[in-house]
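A look at the structure
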Amino acid sequence: MSNLRINIVLFGIGNVGSELISQVLESQQFFLQNKNIELRFPIITNSTLAFFEKDGIKNKWEANFVQAAIPFRIEDIIEYVKDQQLENLIAVDATASDSIIQSYIPLIQNGFHIVAANKKANTLHHAFYNELRRNLKKFDKLFLYETNVGAGLPVINTIKSLHESGEKITKIRGVFSGSLSYIFNRFGSEEVPFSEILSAAEKLGLTEPDAREDLSGNDVARKLLILAREIGLPFEFSDVKITSLLLPNLNELNTKAEFSVNKALLNKPYQVAKITQSDNHVLRYIGELDLTQQSLEVKLISEAKNSALGQLKGADNHIEIYTKSYENQPIVIQGAGAGKKVTARGVLSDILKVAEQIKLQKNLLVAVSKI
Ligand SMILES: NC(=O)c1ccc[n+]([C@@H]2O[C@H](COP(=O)([O-])OP(=O)(O)OC[C@H]3O[C@@H](n4cnc5c(N)ncnc54)[C@H](OP(=O)(O)O)[C@@H]3O)[C@@H](O)[C@H]2O)c1
């Protein structure tokens, strides 16, 4: 059987994007032998520059990028894949960019499937959400984004399957942020200032590119909204009730750098919140989607140390899904909810699902042509 060559245009070569390239290179032989799939990266970009593969360049991708990346527009990418007659195209969005999502529809219209770690396309207003899906249907393309919630954990797929099988989901609740899980898990068990743990989370690549996205509650709110929309509920971002972890004066600092030098201001209020709790309690930042109340809420709670949420470790997510059939015993999904390795693996798993779908479509075409 001949190999199926998949051409990936990778937007974003930070924590997740660069780890994705490493994992693909590491597993290339395995995919070829077991799936007859060859994954290639003819174009990789950061926010301003793109490297377009050229014949004869054989360096490592990082060196190629430094030496030969050039400023780009999305039109250049579309033109390049047409010129080179590249097929089986997947655009992978490993950015947190608001602007890149405006390119999704033109990419779909020009033959691309989309895989995104970026949550923004699923949390913009409903008109965009629907228009994107209308184009996917019209051009017969896939858009997969399992890592939008729970990084590599199978949260979106589980909720989608339950919903599509007719199961009535009544509530989804838990710790949805790997970075805030890490921060509060350590803060509850160690005598270390809040800002120091925040810096460690940033260094480990657990936070959003701008950690204020995590602390503002926006990132958890986006995840709740994505899950609500998977269940067919037409909520908007503004419907989520959010208690921010940022102080008003820190929220107003409008650059990342200003925030960074002032983040020690967070230490006192969180130390006070910690020591004024009941005995054997810890702070946890949770999201709750209550279908019976039609409400979405993101908040800081004080939780008994011996509860499931109280015992969380590392950067674990803990997501409880309550449904009619499962009654009072929720389905629980727990595990690392952030980190470049697990997230890149989740993105790779989505890429392979798209590749299998492309293979299926091609086989179908061959079968039809033989009739
Ligand atoms: N890290 C995790 O644990 C984790 C977990 C789950 C989901 N995610 C999601 O994964 C995404 C990436 O996270 P990360 O930690 O890898 O971020 P990161 O390390 O900050 O990397 C972001 C990358 O995106 C590039 N970029 C920004 N705007 C762009 C644009 N308009 N076009 C092309 N490239 C652009 C950046 O380029 P410059 O360097 O030029 O700015 C950088 O290469 C985010 O959406 C995040 O929510 C991350």
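Summary of the structure given here. (Residues numbered from 1 in each chain as written. Predicted model: local features only at pLDDT ≥ 70, side-chain atom pairs only at ≥ 80, totals over all residues. Heavy atoms only, no water.)

1. Focus: empty space enclosed by the protein
In total, this model carries 1 cavity of 30 Å³ or more according to the counting rule given. Forming the walls of the largest cavity are Val 175, Leu 180, Ser 181, Phe 184, Asn 185, Leu 283, Arg 284, Tyr 285 and Leu 312. For the lining of the largest cavity, the elements supplying multiple residues, two or more each, are helix H7 (178–189) and strand E10 (281–290). For the lining of the largest cavity, the leading source of residues is H7, giving 4 residues. Considering only residue class, the lining of the largest cavity consists of 6 nonpolar, 2 polar and 1 charged. (1 Å grid on protein atoms, 1.4 Å probe; cavity = no way out; pocket = protein on both sides within 12 Å on 5 of 7 lines; lining within 4 Å. Points joined across faces, edges and corners; volume = space filled by probe spheres on them. Helix = DSSP H or I, 4+ residues; strand = E, 2+ residues; numbered from the N terminus. Nonpolar A, V, L, I, M, F, W, Y, C, P; charged D, E, K, R; others polar.)

2. Some remarks on the pattern of salt bridges
Summed over the entire model, instances satisfying the criterion amount to 20 salt bridges. The salt bridge involving Lys 223 is made with Asp 219; its shortest N-O contact spans 3.0 Å. Placement of the pair is Lys 223 and Asp 219 together in helix H10 (residues 218–230), with a separation of 4 residues, close to one helical turn. The same class applies to Lys 223 and to Asp 219, which are both buried. It is possible to trace a salt-bridge network through shared partners that takes in Arg 5, Glu 38, Arg 40 and Glu 53. (Salt bridge = Lys/Arg side-chain N within 4 Å of Asp/Glu carboxyl O. Buried < 20%, exposed > 50% of the residue type's maximum accessible area, 1.4 Å probe, protein only.)

3. Regarding the side chain of Arg 40
Within the fold, Arg 40 resides in strand E2 (residues 37–45). Classification of Arg 40 by relative accessible area gives buried; the value is 17%. Contacts of Arg 40, omitting those with residues within four sequence positions, involve Arg 5, Ile 6, Asn 7, Ile 8 and Glu 53. (Contact = heavy atoms within 4.5 Å.)

4. Points about the site of the ligand
Close to the ligand lie 24 residues; Val 16, Ser 47, Thr 95, Glu 208 and Gly 339 are nearest. Bound to the protein, the ligand loses 80% of the 910 Å² it would expose on its own. Among the residues forming the shell around the ligand, the class breakdown is 8 nonpolar, 14 polar and 2 charged. When residues are assigned to domains, the shell around the ligand turns out to be shared by domain 1 (4–151 + 341–369) and domain 2 (155–337), each giving three or more. (Near = heavy atom within 4 Å. Areas by Shrake-Rupley, 256 points an atom, 1.4 Å probe, with all protein chains shown as cover. Domains from an automatic or database assignment.)

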